[in-house]
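# Results of the structural survey
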Amino acid sequence: MSSRLSAFRVDGLVHRLGVFGIAVLIATYLEMFLEVAHVDRTHKPTGIFSGHGQPEHALRLVALITLAFVTLYILNFHARRFLHALHAYRWWIGCSVIIIFTLLRISGSSLAFISNYIGSEPYKGTLFGMPRSIRSDEWSVFTPLAFSQAHSGYSRISSIPEAGSIDMTMIYAQPAWALATFFRPFLWGFMLFGSDSGLAFFWCARLVVLLLVSYEFGRWLTEDNRQLAAAYGALIGLAPIVQWWFAVNGTAEVLIFGQAAVLLFRKYLHTNSKLYIWLLAMATVYCLGGFSLVLYPPLQIPLAYVYGLLVIWLIVCRHRDVRLPKRSLLSMIAPITVAFAALIACILLVIYTSRQAILMESSTVYPGSRISHGQGLFPCLMDYTANLFMPLEEHQVIPNAPERAVFFTLFPIGLILSIWTLLKKRDGLIILMLICDLIFMIYGLFGFPDWLCRITLMGRTTTGRVKFALGFIDLILLFRSLSLLHNNADDGALLIASEKDSAKTRLLRNAALAVVLAALLTCATILSPAYPVRKIYLIFLMSLLTIMLLAVFEWISGRGYASRLFLSSILIVALAGFCVNPIQQGSQSIREGPFVDMALKEVSRIHNSAEGRPAVFITDDSIHGQALIANGIPTVNSVNIYPQLERWHVIDPQHTSEWVYNRYAYVDIDFTNTGSPAFKLVTPDKMIVSIPIKDLHKIGVTHVLTGRELTEFVDGHRYLRKIDAKNHLNLYEVEVN
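Along each chain, residues carry numbers from 1 onward, in the same order as the chain's sequence is written. Per-residue local features are limited, in this predicted model, to residues with pLDDT of at least 70; the limit for side-chain atom pairs, both in listing and counting, is 80 or more; totals at the level of whole chains, interfaces and linings are taken over all residues. With hydrogens and water stripped out, all remaining heavy atoms of the structure feed into the side-chain values.

## Here's the deal with the sheet that holds strand S8 (residues 678–683)
What counts is decided by this rule: Only when DSSP finds a minimum of two bridges between them are two strands counted as paired. Every helix listed is a DSSP run of H or I at least four residues long, and every strand listed is a run of E at least two residues long, numbered separately from the N terminus. To define axes, lines are fitted to C-alpha atoms, for helices over the stretch in contact only, and angles between the resulting N-to-C directions are given on a 0 to 180 degree scale.
With respect to topology, 3 strands assemble into an open sheet ordered S7-S9-S8, the strand pairing being mixed. Strands with a single pairing partner mark the edges of an open sheet, and in this sheet they are strand S7 (666–672) and S8. For this sheet, the mean angle separating the axes of adjacent strands, direction not counted, is 25°. For S7 and strand S9 (residues 686–692), the ladder comprises 7 bridges, and the chain directions are parallel. Directly across from Asp-670, in S9, lies its bridge partner Ser-690.

## A few points about the side chain of Thr-364
How we decide: Polar contacts, as used here, are pairs of N or O atoms within 3.5 Å; protein pairs need one atom able to donate a hydrogen and one able to accept it. Residues neighboring in sequence count only if both atoms are side-chain atoms.
Mapped onto the fold, Thr-364 is located in the loop between helix H16 (355–362) and helix H17 (383–387). From its side chain, Thr-364 meets the backbone oxygen of Tyr-366 in a polar contact 3.4 Å long.

## Side note on helix H24 (residues 535–556)
We apply this condition: By this rule the span expected of a helix is its residue count minus one, scaled by 1.5 Å. Partly exposed residues are those whose accessible area sits between 20% and 50% of the maximum for their type, while under 20% is buried and over 50% is exposed, using a 1.4 Å probe and protein chains only.
Between its first and last C-alpha, H24 extends 32 Å over 22 residues, near the 32 Å set by a 1.5 Å rise per residue. Extensive coverage of H24 is indicated by the burial of 16 of its 22 residues. In the stretch just after H24, Gly-558 is the one whose phi turns positive, near 95°.

## Describing the packing of helix H12 (residues 251–270) against helix H14 (residues 297–320)
Which entries qualify depends on this criterion: Here the angle decides the label: under 35 degrees means roughly parallel, over 145 means roughly antiparallel, 65 to 115 means roughly perpendicular, and every other value means oblique. When the near helix sits turned anticlockwise from the far one by under a right angle, the crossing is termed left-handed; a clockwise turn instead gives a right-handed crossing. In what follows, residue pairs with any heavy atoms lying within 4.5 Å of each other are defined as contacts.
For the pair H12 and H14, the least separation of the axes is 10 Å and the interaxial angle reads 15°. Considering their axes alone, H12 and H14 lie roughly parallel with respect to each other. Both H12 and H14 take part in a crossing whose hand is right-handed. For the pair formed by H12 and H14, the contact residues are Thr-251, Val-254, Leu-255, Gly-258, Gln-259, Val-262, Phe-265, Arg-266, Leu-269 and His-270 on the first element and Leu-299, Gln-300, Leu-303, Tyr-307, Leu-310, Val-311, Leu-314, Ile-315 and Arg-318 on the second.

## Here we look at the sheet that holds strand S5 (residues 583–585)
Pairing is antiparallel across the open sheet formed by 3 strands, whose spatial order is S1-S5-S2. Unpaired on one side and paired on the other, strand S1 (106–107) and strand S2 (126–128) mark the two borders of the sheet. As judged from the 2 bridges shared by S2 and S5, these two strands associate in the antiparallel manner. Note on S5: the bridge partner recorded for Thr-126 is Gln-584.

## Comments concerning the side chain of Arg-135
Residue placement: Arg-135 occurs in the loop between S2 and helix H6 (136–149). Judged by relative accessible area, Arg-135 falls into the buried class, the value being 3%. Once residues lying within four places of it in the same chain are set aside, the contact partners of Arg-135 are Ser-110, Trp-244, Trp-245, Val-248 and Pro-402.

## A few points about the pairing of strand S13 (residues 720–726)
Taken together, the 6 bridges between S13 and strand S14 (residues 729–734) define a ladder with antiparallel strand orientation. Note on S14: the bridge partner recorded for Arg-721 is Glu-733. The loop that links S13 with its antiparallel partner S14 comprises 2 residues; one of these, Asn-727, has a positive phi angle of about 50°.

## Regarding the environment of Thr-421
Mapped onto the elements of the fold, Thr-421 is located in helix H19 (residues 413–424). Put simply, Thr-421 and Leu-477 are 56 residues apart on the chain and 9.9 Å apart in space, counted from C-alpha to C-alpha. Dropping the residues within four chain positions of it, Thr-421 is found in contact with Ile-430, Ser-481, Leu-484 and Leu-485. Engagement of the side chain of Thr-421 in a polar contact is seen with the backbone oxygen of Leu-417, the distance being 2.6 Å.

## Here's the deal with a nonpolar patch on the surface
Our working definition: Patch definition: residues with relative accessible area over 30% and no salt bridge; like charges joined within 9 Å; nonpolar side chains (Val, Leu, Ile, Met, Phe, Trp, Tyr) joined within 5 Å. Reported accessibility uses the Shrake-Rupley method at a 1.4 Å probe radius. Residues are deemed covered only where the shown protein chains occlude them. Whenever a carboxyl oxygen of Asp or Glu lies within 4 Å of a side-chain nitrogen of Lys or Arg, that contact is scored as a salt bridge.
A cluster of nonpolar side chains, contributed by Leu-75, Phe-82, Leu-83, Leu-86, Tyr-89, Trp-92, Ile-93, Val-97, Ile-100, Phe-101 and Leu-104, occupies part of the molecular surface with about 1,000 Å² of accessible area. Mapped by element, the contributors of at least two residues to the nonpolar patch are helix H3 (80–88) and helix H4 (90–103). Broken down by element, the nonpolar patch gets its largest block of residues, 5 residues, from H4. One can find Leu-86 in helix H3. By relative accessible area, which is 36% here, Leu-86 ends up partly exposed.

## Regarding unusual backbone geometry
Note the cis peptide between Tyr-366 and Pro-367, where omega equals 5°. Here Pro-367 is to be found in the loop between H16 and H17. Cis geometry is adopted by the peptide bond preceding Pro-399, which originates at Ile-398 and carries an omega value of -5°. Looking at where Pro-399 falls in the secondary structure, it is placed in the loop between H17 and helix H18 (401–404). Even without being a glycine, His-43 presents a positive backbone phi close to 60°. Of note, His-43 is situated in the loop between helix H1 (2–42) and helix H2 (55–77). With a phi angle near 60°, His-655 is a residue other than glycine that sits in the positive phi range. Within the secondary structure layout, His-655 lies in the loop between helix H28 (645–651) and helix H29 (658–661).

## Focus: the packing of aromatic side chains
Applicable threshold: Side-chain rings of Phe, Tyr and Trp, where Trp is taken by its six-membered ring, are said to pair if the distance between their centres is within 6.5 Å; with planes under 30 degrees apart they count as stacked, over 60 as edge-to-face, and otherwise as tilted. Charge-over-ring placement is defined geometrically: NZ (Lys) or CZ (Arg) within 6 Å of the ring centre, and within 35 degrees of the ring normal.
In this structure the tally under the stated criterion is 37 aromatic pairs. A ring pair is formed by Phe-128 and Phe-578, whose centres lie 6.1 Å apart and whose planes are at 35°; its orientation type is tilted. Within this pair, whereas Phe-128 is found in strand S2, its partner Phe-578 is found in helix H25 (residues 562–578), the two being separated by 450 residues in sequence. Taking the centre distance of 5.6 Å and the plane angle of 80° together, the rings of Tyr-232 and Phe-479 count as edge-to-face. Taken together, the residues Tyr-232 in helix H10 (residues 226–237) and Phe-479 in helix H22 (residues 463–487) connect sequence positions 247 residues apart. As far as burial versus exposure is concerned, Tyr-232 and Phe-479 are alike and both buried. Here the aromatic residues Phe-217, Trp-220, Tyr-232, Phe-291, Tyr-307, Trp-313, Phe-472, Phe-479 and Phe-566 are joined through ring pairs into a cluster of three or more. For Arg-465, the ring lying beneath its charged end belongs to Trp-245, and the centroid distance is 4.7 Å.

## Thoughts on the pattern of salt bridges
This structure, assessed with the given rule, holds 28 salt bridges. Among the salt bridges present, the one from Arg-718 reaches Glu-712, with a minimum N-O distance of 2.9 Å. In this structure, a network of salt bridges that share partners links the residues Asp-11, Arg-506, Glu-554 and Arg-559.

## Focus: the environment of Ser-96
Relative to the assigned elements, Ser-96 resides in helix H4. Along the primary structure Ser-96 and Pro-677 are separated by 581 residues, whereas in three dimensions their C-alpha atoms are 55 Å apart.

## Here's the deal with the nonpolar core
Definition in use: In these notes, a set of buried Ala, Val, Leu, Ile, Met, Phe, Trp, Tyr and Cys residues joined through side-chain atoms within 4.5 Å is what counts as a nonpolar core.
Residues Phe-217, Trp-220, Leu-255, Phe-407, Phe-472 and Phe-566 are the most contacted members of the largest nonpolar core, which totals 205 residues. When neighbours within four sequence positions are excluded, Phe-472 is seen to be in contact with Phe-217, Tyr-232, Ile-236, Leu-255, Gln-259, Leu-303, Val-306, Tyr-307 and Phe-407. Ile-651, Phe-671, Ile-699 and Val-701 belong to the second largest nonpolar core, which has 26 residues in total.

## Points about the packing of helix H9 (residues 195–221) against H12
This is how the line gets drawn: All amino acids are sorted into three groups, where Ala, Val, Leu, Ile, Met, Phe, Trp, Tyr, Cys and Pro are nonpolar, Asp, Glu, Lys and Arg are charged, and the leftover types, Gly among them, are polar.
Where H9 contacts H12, the axes come no closer than 9 Å and their chain directions differ by 40°. With respect to each other, H9 and H12 are oriented oblique. Note on packing geometry: the crossing formed by H9 with H12 is left-handed. Contacts between H9 and H12 involve Phe-202, Arg-206, Val-209, Leu-210, Val-213, Ser-214, Glu-216, Phe-217 and Trp-220 from the first element and Ala-252, Glu-253, Leu-255, Ile-256, Gln-259, Ala-260, Val-262, Leu-263 and Arg-266 from the second. A per-class count over the contact of H9 with H12 returns 12 nonpolar, 2 polar and 4 charged.

Everything listed is a geometric property; what it means functionally is a separate question.
Structural data, given as structure tokens:
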């Protein structure tokens, strides 16, 4: 009795000290982030961690520590009823959050960054954090394309981007009244509520649903341990790799639909109600359709292997579980087969409808002909530690933050624990995940031969995207192992604890092991840095990993408090993910400013006049072009998501430069007075077109909006006529000779 009381007291003391340490780390991270955000806005170094601290910074840090500690203490020791209610009403709460944020037009878009190009007010609508310049595929591509759809009536084929006929349902899948959009529910907000509210719905609905679905998936993995499930959900939904890529490539959708499909299929296998069987079959297949129509093979292919193995395991478990009532083979197969056949018909119809766009994209030089053979994974294996501080060091990360982003997995702890688990108890899920992990590791570290890449379709992915699947697998292994090891902690066979150990002995052993492993993981961060690592980061990281690993080892030793401590430590990782994207209200930045105002004024003049030809603009670069299409103005050099071969063939009749412009590309324009048109490839997705002003009318241009002074007359002929000038901007109308 006295030994149990002593253990209880030791556990309570460790729990409270751990909570205080986590509170200090949370407050420290928030203070560092607030200082970085302030510098980003003012360009003046200030704050404790930049060496320019003032008394108010110290007071704010103390206030943050106090607030964090009080909040964590209540949640850990005095919030059982609150947490029970949070679990019971989680889906209603999630729906309420989505509704409120949609009404307030709150999103995580970095759209305010476009003000640096078009002259609108900087940071307009940015309530917290900072717009990320590196997220250009969101603020300068996806979001302007989505906004342009409002001006086309959300038509599947739009003439606004590229000033050509563009299928908006394929690359950068956009909201449109089309069958494909039926499987993309997060785009429905654009068509139902308009651009601003639609953008808010797109961001907050995906995040809320991802967190909730991941929580449910975690409950299944951990045999309904809610603390571990919440930790798993946070590590998935607020993972660095998810947040840095959140608005594009279907990063959230592949996790939402994939995990949901597995969970629904499990229920399908276990239910006996005929009505529920058919409903679950349709829901499962709908999620499969949502996953399929993400249309980003580099992510989908490796994750399809993971989900496929999970489904196989579910079928095997259903077959072996004698407790479940038997169902006829027909009742098992018929509903899912009928639903799957309907899905195949839908997908075939989508493919047939968009066949020209698919053929065009697949025949491009980039990315259509890209084949990857793997390799290059080794430097990324330990990147998750440095990922915590990338929101503070965005411009220092090599090559850039999104490409270095990964899941925070505690690698190789999950791998070690999963192997250890198999030594104690055979688990089919862990075995299948280890096999999949090994295959992806071989691909990432050593590469596959060409024939194997083509057979397995791994040639259509890349090492950078395979690490997404690897991180997902590592988290599955970690949480599955933690659940099984804790449930078997009293078998006396664990190496990390013994019934003969006193509470203090057990704690000292676990603490020593945690410190050693934390030191090794911190050293790995130093040896393979993604950016120059500061001393404060190393101290922070060492402290966090020690607490986190101590909680892991205490949990394995059978200590119930450890799951709450572990979940509390995960909040720091979640905070780092939360700080990646800003909190943005509205989209004024892309709708205002002299650049947009000048173009809209001319378009309005043309609309109200008797001029026969519609306005088609061309600008200095693609970002200006994207701002124009977001406001409904057709622009030749908006981002060319599909190559406009017919247009470029007009000025390149011999097709000598087709290898340059037959690609997805940002298109910058160099206006010249003499010479011939020329195409220059800058990067795989960016080109510069040098075009004489006399050839502008040949590619259908009616107006030039530029920051340069252009020559109106060439060789005695007038090709341009200046019609407006303001704030270093010049608007020209193209004369047809």
